[in-house]
Amino acid sequence: MADDKQGRDEQADDEKRRQRERMQEEARTHDDEEEPMRVDPDEGLGDLDEALKSHDYPATTDELVEVYGDYELETQGGKQSLEDVLSSTDDQIYDSAEDVHRRILELIGR
């Protein structure tokens, strides 16, 4: 590949495609689980916190829903999937796991 703007753009596009494929594969792995992961309200967001910490940022709401949407959260209205919780907001860009954590807590009313 040539070392010019077009070559660099193509390389960046290839990396984005590979990252999207990795996230989709991880999402498929979550789909294979028999029971969705649950979040214990006394432990923050539980396993979801750890998963979010290992995610690459910046990340969009849509990307996070694609990968972690099956996680169940304890909300004031009962249990909801992360996908349902985040569906009430526009697609946003999060710079860190802490940003996502804070937004989720705002949305579930804690």
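If you're wondering where the values come from, they're calculated on a predicted model, not measured in any experiment.

Trainee: Help me out: how do you make sense of the confidence of the model for the protein in this one?
Mentor: Detailed conclusions should not be drawn from predicted coordinates in areas where pLDDT is low. Averaged over all residues, the pLDDT of the protein is 80; the fraction at 70 or higher stands at 81%. Segment residues 34-43: pLDDT under 50, and 20 contacts once partners within four positions in sequence are set aside and those in other chains are kept.

Trainee: What should I look at first to understand the pattern of salt bridges in this one?
Mentor: Close approach of charged atoms allows side chains with opposite charge to pair. A complete count under the given rule lists five salt bridges for this structure. Among the salt bridges present, the one from E106 reaches R103, with a minimum N-O distance of 3.0 Å. Taken as a pair, E106 and R103 lie in helix α5 (residues 97-108) at a separation of three residues, close to a single helical turn.

Trainee: Hey, could you run me through a negative patch on the surface in this one?
Mentor: On the surface, D62, E66, D90 and D91 cluster together into a patch of negative charge. Checked against the element boundaries, D91 lands in the loop between α4 (82-86) and β4 (93-94).

Trainee: Where do I start with unusual backbone geometry in this structure?
Mentor: Geometrically, the link from Y57 to P58 is a cis peptide bond, its omega value of 5 degrees lying close to zero. Of note, P58 is situated in the loop between α2 (47-54) and β1 (59-60).

Trainee: Would you mind going over the side chain of S81 with me for this structure?
Mentor: Topologically, S81 is positioned in strand β3 (residues 78-81). The contact partners of S81, leaving out residues within four places of it in the chain, are G69, Y71 and E72.

Trainee: Help me understand the pairing of β3, please; the structure alone is not making it clear to me.
Mentor: Across a regular strand the side chains alternate sides, sitting on one face of the sheet and then on the other. Bridge count between strand β2 (residues 72-75) and β3: four bridges; the pairing is antiparallel. What sits directly across from L73, in β3, is Q80.

Parameters and conventions
Residues numbered from 1 in each chain as written. Predicted model: local features only at pLDDT ≥ 70, side-chain atom pairs only at ≥ 80, totals over all residues. Heavy atoms only, no water. pLDDT = per-residue confidence, 0-100. Contact = heavy atoms within 4.5 Å. Salt bridge = Lys/Arg side-chain N within 4 Å of Asp/Glu carboxyl O. Helix = DSSP H or I, 4+ residues; strand = E, 2+ residues; numbered from the N terminus. Patch = residues over 30% accessible without salt bridge, like charges linked within 9 Å, V, L, I, M, F, W, Y side chains within 5 Å. Areas by Shrake-Rupley, 256 points an atom, 1.4 Å probe, with all protein chains shown as cover. Lys, Arg positive; Asp, Glu negative; His and termini not counted. Charge placed at Lys NZ, Arg CZ, Asp CG, Glu CD. Pairing = 2+ DSSP bridges.

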